[in-house]
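Each chain, letter by letter, is given below.
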Amino acid sequence: MDVLSDVIAVTRTGRPRSAHVRWHAPWGQEFASVPGSAGFQVILQGSCWLLRPDTEPVQLDVGDVVFLPHGTGHILADSPETLVTSPACGSGDPRLSASYASDSVDRSGQSGPVTVVLCGAYQLDPSRTHPLLLTLPDIIHLPAHADRRPELCSAVKLLAAEVEAPRLGTDAAVPALLDTLLLYILRIWFNEQASRGGTVGWAAALNDPPVSAALHAIHRNPSAPWTVARLAAEAGLSRATFAKRFRSLIGQPPLGYLTWWRMTTAARLLRTSDAPLRSIAAKVGYTSEFAFANAFKRTHGAAPGTYRRRS
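Read on for a plain summary of the structure.

Rules and cut-offs
- Each chain has its residues counted from 1, following the order in which its sequence is written.
- Only residues with pLDDT of at least 70 are given local features in this predicted model, and only at 80 or more are side-chain atom pairs given and counted; all residues enter the totals for whole chains, interfaces and linings.
- Calculated side-chain values reflect all of the structure's heavy atoms, with hydrogen atoms and water omitted.
- Strands qualify as paired when DSSP identifies two bridges or more between them.
- A run of DSSP states H or I qualifies as a helix once it reaches four residues; a run of E qualifies as a strand once it reaches two. Both are numbered from the N-terminal end.
- Throughout this description, buried means an accessible area under 20% of the type-specific maximum (1.4 Å probe, protein chains only), exposed means over 50%, and partly exposed covers the range between.
- Should any heavy atoms of two residues lie within 4.5 Å, those residues are counted as being in contact.
- Polar contact criterion, stated in full: a pair of N or O atoms within 3.5 Å, where within protein one must be able to donate a hydrogen and the other to accept it, and residues adjacent in sequence count only if both atoms are side-chain atoms.
- A pocket, in this scheme, is an open set of points on a 1 Å grid over the protein atoms alone with protein on both sides within 12 Å along at least 5 of 7 lines, while a cavity is a set where a 1.4 Å probe fits but cannot get out; residues line either one if an atom lies within 4 Å of a point.
- Grid points are joined across faces, edges and corners, and a volume is the space filled by probe spheres set on the points.
- Nonpolar residues are Ala, Val, Leu, Ile, Met, Phe, Trp, Tyr, Cys and Pro. Charged residues are Asp, Glu, Lys and Arg, and all others, Gly as well, are polar.
- The set of buried Ala, Val, Leu, Ile, Met, Phe, Trp, Tyr and Cys residues whose side-chain atoms join them within 4.5 Å is what this entry labels a nonpolar core.
- Note on geometry: axes are lines fitted to C-alpha atoms, helical ones only across the stretch in contact, with angles between N-to-C directions running from 0 to 180 degrees.

1. Some details on the pairing of strand 4 (residues 48–51)
Inference 1: Where strand 4 meets strand 5 (residues 58–60), three bridges bridge the pair, whose relative direction is antiparallel. When the sheet's bridge partners are listed, Trp49 is paired in strand 5 with Gln59.
Inference 2: If you look at the hairpin formed by strand 4 and strand 5, you'll find six residues sitting between the two strands, and Asp54 has a positive phi there, around 65°.
Inference 3: With three bridges joining them, strand 4 and strand 7 (residues 74–77) adopt antiparallel strand pairing. Opposite Leu50, over in strand 7, you have Leu76 as the bridge partner.

What follows is the structure, encoded as structure tokens:
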């Protein structure tokens, strides 16, 4: 798998959720801060305002996408002056018990302008959050540009159609479309950061051909006997130049990231399969089960068998 696909597969846990919500002005809805989650809001009809403490209000129009990679609390309202009195939507909200919901809300009893929002949430595991996600800002706002982002627009339309009118196969379609939407949001954001000339961090690393080649090699085959020299060959650079370049962009040396990714992959296999430890050790590049167990305990604070039983 490539880096971005792996990040989504490893970090997310549980089933993502989505809802199609309609409001009549005046309206306001608070979304509570939920650490260990990521969420999004897509404006399908009308317009509204994104409100957060100590920041200027942001107007959202049809087609705008807001992504909150760290579960940051926020408010959506028809106007910055609207008083929000309804309960905050949070992790304990019964409306979030289902994988998807189509809900019509009119708390005011009036017939003001309609705003339709497609919202959703992903549950993440903080213990294995990929450093790529940790570098993202609290809010990512992607204004509507149908001509520049056709794949994102298509994913939004497909997801909205499934959530608004569930039918045969929707239970399978919604999680797949939510993962696809997440991938497109991240892909667009990283590409735009690169076009703005960012020189450090994961946005720069994924768009730097030598470092990106090494990262994809690690993710494609974590069990290979990688050394700095072999990864430098994948990158097409000298050993010293590659090591310096990798560390300046990623924030850790190549073999440090390799070990972290191997242990993260091993943890996923321990949780999701009943494969024997020797098999998992081999899949992440260890010929010795003993050496694998020691490395895993150093990273996760528990032996592989103990970790599996707890999970």
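2. A look at the environment of His70
Inference 1: Considering the arrangement of structural elements, one finds His70 in the loop between strand 6 (65–68) and strand 7.
Inference 2: Judged by relative accessible area, His70 falls into the partly exposed class, the value being 27%.
Inference 3: Setting aside residues up to four positions removed in sequence, His70 forms contacts with Val34, Pro35, Ser37, Leu133, Leu134, Leu136, Pro137 and Asp138.
Inference 4: A polar contact of 2.7 Å, which involves the side chain of His70, links it to the backbone oxygen of Leu136.

3. Quick word on empty space enclosed by the protein
Inference 1: Under the counting rule described, the total for this entry stands at one cavity of 30 Å³ or more.
Inference 2: Volume-wise, the largest cavity comes out at about 80 Å³.
Inference 3: Residue lining of the largest cavity: Val7, Ile8, Thr11, Arg12, Ala38, Phe67, Pro69, Tyr122, Leu124, Leu133, Leu182 and Leu186, and that is the complete set.
Inference 4: Breaking the lining of the largest cavity down by element, the ones donating at least two residues are helix 1 (3–11) and helix 4 (170–195).
Inference 5: Among the elements that line the lining of the largest cavity, the one with the most residues is helix 1, at three residues.
Inference 6: Its residues assigned to classes, the lining of the largest cavity comprises ten nonpolar, one polar and one charged.

4. Points about the nonpolar core
Inference 1: Judged by nonpolar contacts, the single largest core of 58 residues is most densely connected at Phe40, Phe67, Leu152, Leu159, Leu181, Leu186 and Leu215.
Inference 2: At twelve residues, the largest contribution of residues to this core is made by helix 4.
Inference 3: Residues Val21, Trp23, Leu68 and Cys119 belong to the second largest nonpolar core, which totals 17 residues.

5. As for the sheet that holds strand 5
Inference 1: In space, the four strands of this open sheet follow the order 2-7-4-5, with antiparallel pairing throughout. Pairing within the sheet leaves two strands with one partner each, and these edge strands are strand 2 (28–31) and strand 5. Pairwise comparison of adjacent strand axes, ignoring direction, gives a mean angle of 25° for this sheet.

6. Some thoughts on the layout of surface pockets
Inference 1: If you add up the space inside the second largest pocket, you get close to 210 Å³.
Inference 2: Forming the boundary of the second largest pocket are 16 residues, of which Val42, Gly63, Cys153, Val156 and Lys157 lie nearest the centre.
Inference 3: Among the elements of the structure, strand 3 (37–45) and helix 3 (150–164) are those that each provide at least two residues to the lining of the second largest pocket.
Inference 4: The element that contributes the greatest number of residues to the lining of the second largest pocket is helix 3, accounting for four residues.
Inference 5: Counted by class, the lining of the second largest pocket contains twelve nonpolar, two polar and two charged residues.

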